[in-house]
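Coordinate analysis (summary)
Given next are the chains, with one letter for each unit.
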Amino acid sequence: MGLLSILRKLRPAPEKELRLLLLGLDNAGKTTILKSLASEDITHITPTAGFNIKSVITDGFKLNVWDIGGQRKIRPYWKNYFENTDVLIYVVDSADKKRLEETGIELYELLSDDKLQDVPVLVYANKQDLPESLTAAELAQTLGLPTIKDRAWQIQACTASEGIGVKEGMEWVCKSIKKK
Amino acid sequence: MTFSLWWLFTLYLRPIIKWFLRKTTGLCELQRICYGEVNGAPRIRAVERSLALSKSQQIKQLLQHLNDISDNRRFAGTNEREVVRGAVSTVLLVKKVNPHVHFQFVRSLGICIEQIWGYRQLIAEVEALRTTKFDSDCFEHERKLYDLWDNLMPDEGLEGRVTKQWQDIGFQGDDPKTDFRGMGMLGLENLLFFSSEYQAPARHVLSHSHHPVYGYCFAIVGINLTSLAWQMLRDGSAKTYVYNTSKSLPSVRLFHQFYSYLFYEFDRFWVECKPRDIMEFSSIKDRFESNIRTSLQDGNTTFRIGVSVDNI
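Under the annotation held in an unreviewed UniProt entry, chain B carries the name ELMO domain-containing protein and is attributed to Exocentrus adspersus.

An unreviewed UniProt entry lists chain A under the name ADP-ribosylation factor-like protein 3, with Exocentrus adspersus as the source organism. The Subcellular location (unreviewed entry) field of the UniProt record for chain A holds the comment "Golgi apparatus".

Right under this line is the structure:
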């Protein structure tokens, strides 16, 4: 074995870059999830005007996470960020029962878009700490997730403000990419 | 490398230079600063640095005492005058300065101490507002929200507490309560101050936010600017502004004025940038922030809202 091939073996494999898209209604907790992924302080979050982006290195992947504002006025811009998305992450405020229908409609609109065809989707059932919140299983039923047949999907319960459950969701994201 | 050089300088060289200057001028470092530096931020910042580097046990104890008072927001009223007087006499005693000869120094040092620990207290006051969550069951919080509406939209009544109309002044949905988030009541108080103390400029800014191309969400951008002002207060960048503007003990009012300036200037900058849409907010905000930080590095900077009405 030559020196060159030994050196080549020692060199770490280049990280695979992934593009993750974080979407959901306003006040769902997208920015909190983004910041907790990047291990940043989450005590002074403000509503997102436009978007935030952060790169996180985990599990041999470089994740470029795009967090786009969720208010109604910004939603028409979501489609500009669909291209080359590897995984869609959809965040739901599990305690916001009044807007479950609205969040469901937005989710199915995303799933029916051609540019997001076959893209795996992870749904975060966020704010599990709130007393009136739905469990992940209840939320999956309400949103009709089991009817999704054309792609891999997963629901993950989490409390982003305490950093609970966020990592588990990202593990599924990395696994579903490796399978591809 | 630069760090160890700096360390070497402060540990060995600085005392030698100070001793030499003290012997030749007959003045201690604080006196040289108070007599030599320009009034305002340059002088106050230099006094602050000099005190922080002091190796005297008594001065160190004094600083701790002052920090404790301002962190607990007890630096006010008659207490404030007594605290300042006590602090000045400690310095006079330690540095062996004759107050009758150097009465100007006594006055000047007193002002510096008031500003330095007034600023520190301001951080604590602003933080208390920020950590107060907006509570829709609290009458006063609700009243402030209605006041904000009345200031900005005097000709239009609200149809209800939860209504789409809130989006006209740039909240995200039908109920503003979730929009304050990490900025708490500070976000609302900032907006309320801007819209009541600078009513005409605020309405002017609001009208820009309704522009068909360059429009943005007034309240949401406002809350993001609260976050910017708060960060600059905390990391000390806002000292230049406070030290140059404040005529007495810095108060929350001064922070609101700083915020109002930022909002007015941001709006102007935003329109100048001719953004394609709201998605350019982060990049334009970053550029705006770096411009403000650059001007705050200049010790002579003061900010004033230059009211001019333009049409786009």
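Topic: the pairing of strand S2 (residues 51-58) of chain A
Residues and elements named next belong to chain A. Bridge count between S2 and strand S3 (residues 61-68): eight bridges; the pairing is antiparallel. By the bridge assignment, Ile57 is partnered in S3 with Lys62. Counted along the chain from S2 to the antiparallel partner S3, the turn is two residues long, and its residue Asp59 has a positive phi close to 55°.

What about the packing of helix H9 (residues 199-209) of chain B against helix H12 (residues 252-273) of chain B?
Residues and elements named next belong to chain B. Put simply, H9 and H12 touch, their axes get as near as 10 Å, and they point 30° apart. Taken together, the axes of H9 and H12 lie roughly parallel to each other. In this structure, H9 meets H12 at a crossing whose hand is left-handed. Of H12, the residues touching H9 (which contributes Pro201, Val205 and His208) are Phe263, Tyr264, Asp267 and Val271. Residue composition of the contact of H9 with H12, grouped by class: five nonpolar, one polar and one charged.

As for the interface of chain B and chain A
Counting from both sides, the interface comprises 20 residues of chain B and, opposite them, 15 residues of chain A. Among the elements of the structure, helix H10 (218-234) and helix H13 (281-297) of chain B are those that each provide at least two residues to the side of chain B that touches chain A. Its residues assigned to classes, the side of chain B that touches chain A shows nine nonpolar, seven polar and four charged.

Focus: helix H5 (residues 166-179) of chain A
Residues and elements named next belong to chain A. With 14 residues, H5 extends 21 Å from end C-alpha to end C-alpha; this agrees with the ideal 20 Å at 1.5 Å per step. Listed in full, the buried residues belonging to H5 are Val166, Gly169, Met170 and Val173. Along the long axis of H5, the arc covered by the buried residues comes to 100°, so they all point the same way. In H5, the exposed positions that point more than 90 degrees away from the buried face belong to Glu168, Lys178 and Lys179. In the core, the buried residues of H5 are packed alongside strand S1 (16-24), helix H2 (30-37), S2, strand S4 (87-93), strand S5 (121-126) and strand S6 (153-157).

Focus on the nonpolar core
One broad trend across soluble globular proteins is that nonpolar side chains are buried collectively. In this structure, Leu22(A), Ile89(A), Tyr90(A), Tyr124(A) and Ala125(A) are the most contacted members of the largest nonpolar core, which totals 115 residues. Residue contributions to this core reach at least three from each of two domains, namely domain 1 (2-130) and domain 2 (139-297) of chain B. Here Leu22(A) is in contact with Lys30(A), Ile33(A), Leu34(A), Val65(A), Trp66(A), Asp67(A), Ile68(A), Ile89(A) and Val91(A), once residues within four sequence places are set aside.

Brief notes about the sheet that holds S5(A)
All names here are of chain A. Strand order across the open sheet formed by six strands is S2-S3-S1-S4-S5-S6, with mixed pairing between neighbours. Of all the strands in the sheet, the pair left with one neighbour each is S2 and S6. Averaged over all neighbouring strand pairs, the angle between strand axes comes to 20°, with direction disregarded. Sheet topology note: the S5/S6 ladder contains five bridges and is parallel. Within S6, the position partnered with Ala125 by the bridge is Ala157. Sitting on the sheet, helix H3 (residues 100-111) is in contact with S1, S4 and S5, with an inclination near 175° to S4.

Remarks on the UniProt feature "domain: ELMO" (unreviewed entry) in chain B
Those places that UniProt annotates as "domain: ELMO" (unreviewed entry) correspond, in this numbering, to residues 140-296 of chain B. Secondary structure across residues 140-296 of chain B comprises 64% helix and 0% strand; the distance between its end C-alpha atoms is 35 Å.

As for the environment of Trp149(B)
Residues and elements named next belong to chain B. Along the chain, Trp149 turns up in helix H7 (residues 139-152). C-beta crowding within 10 Å serves as the criterion here: with 18 such atoms nearby, Trp149 is assigned to the partly exposed category. Separated by 23 residues in sequence, Trp149 and Gln172 have C-alpha atoms that sit 15 Å apart. If sequence neighbours within four positions are ignored, Trp149 has contacts with Leu158 and Ile169.

A look at the UniProt feature "binding site: Mg(2+)" (unreviewed entry) in chain A
Residue and element names in this part refer to chain A. Within this structure's numbering, the places UniProt gives as "binding site: Mg(2+)" (unreviewed entry) are Thr31 and Thr48. Taking the farthest pair of C-alpha atoms as the criterion, the annotated set spanning 18 residues converges on one region, since that pair is 7.5 Å apart. Non-local contacts of Thr31, meaning those with residues more than four positions away in its chain, are made with Ile45, Thr48, Asn52 and Asp67. Tracing the chain through its elements places Thr48 in the loop between H2 and S2.

Brief notes about the packing of H10(B) against H12(B)
Residue and element names in this part refer to chain B. Their axes nearest at 10 Å, the elements H10 and H12 cross at an angle of 125°. By the angle between their axes, H10 is oblique relative to H12. The element H10 and its partner H12 pack so that their crossing is right-handed. Each of Gly222, Leu225, Thr226, Leu228, Ala229 and Leu233 in H10 lies in contact with H12, whose residues at this interface are Phe255, Phe258, Tyr259, Leu262, Phe263 and Phe266. Residues that form the contact of H10 with H12 fall into these classes: ten nonpolar, two polar and no charged.

Each value, and the rule that gives it
- Residues numbered from 1 in each chain as written.
- Chains lettered and ligands numbered in written order.
- Predicted model: local features only at pLDDT ≥ 70, side-chain atom pairs only at ≥ 80, totals over all residues.
- UniProt positions renumbered as here; feature names shortened; annotations may be inferred.
- Pairing = 2+ DSSP bridges.
- Helix = DSSP H or I, 4+ residues; strand = E, 2+ residues; numbered from the N terminus.
- Axes fitted to C-alpha atoms, helices over the stretch in contact; angles between N-to-C directions.
- Parallel < 35°, antiparallel > 145°, perpendicular 65-115°, else oblique.
- Left-handed = near helix turned anticlockwise from the far one by under 90°.
- Contact = placed C-beta atoms within 7 Å.
- Nonpolar A, V, L, I, M, F, W, Y, C, P; charged D, E, K, R; others polar.
- Expected span 1.5 Å × (residues − 1).
- Buried ≥ 20, exposed ≤ 12 C-beta atoms within 10 Å, placed from the backbone.
- Arc of directions from axis to C-beta.
- Core = buried A, V, L, I, M, F, W, Y, C linked by C-beta atoms within 7 Å.
- Domains from an automatic or database assignment.

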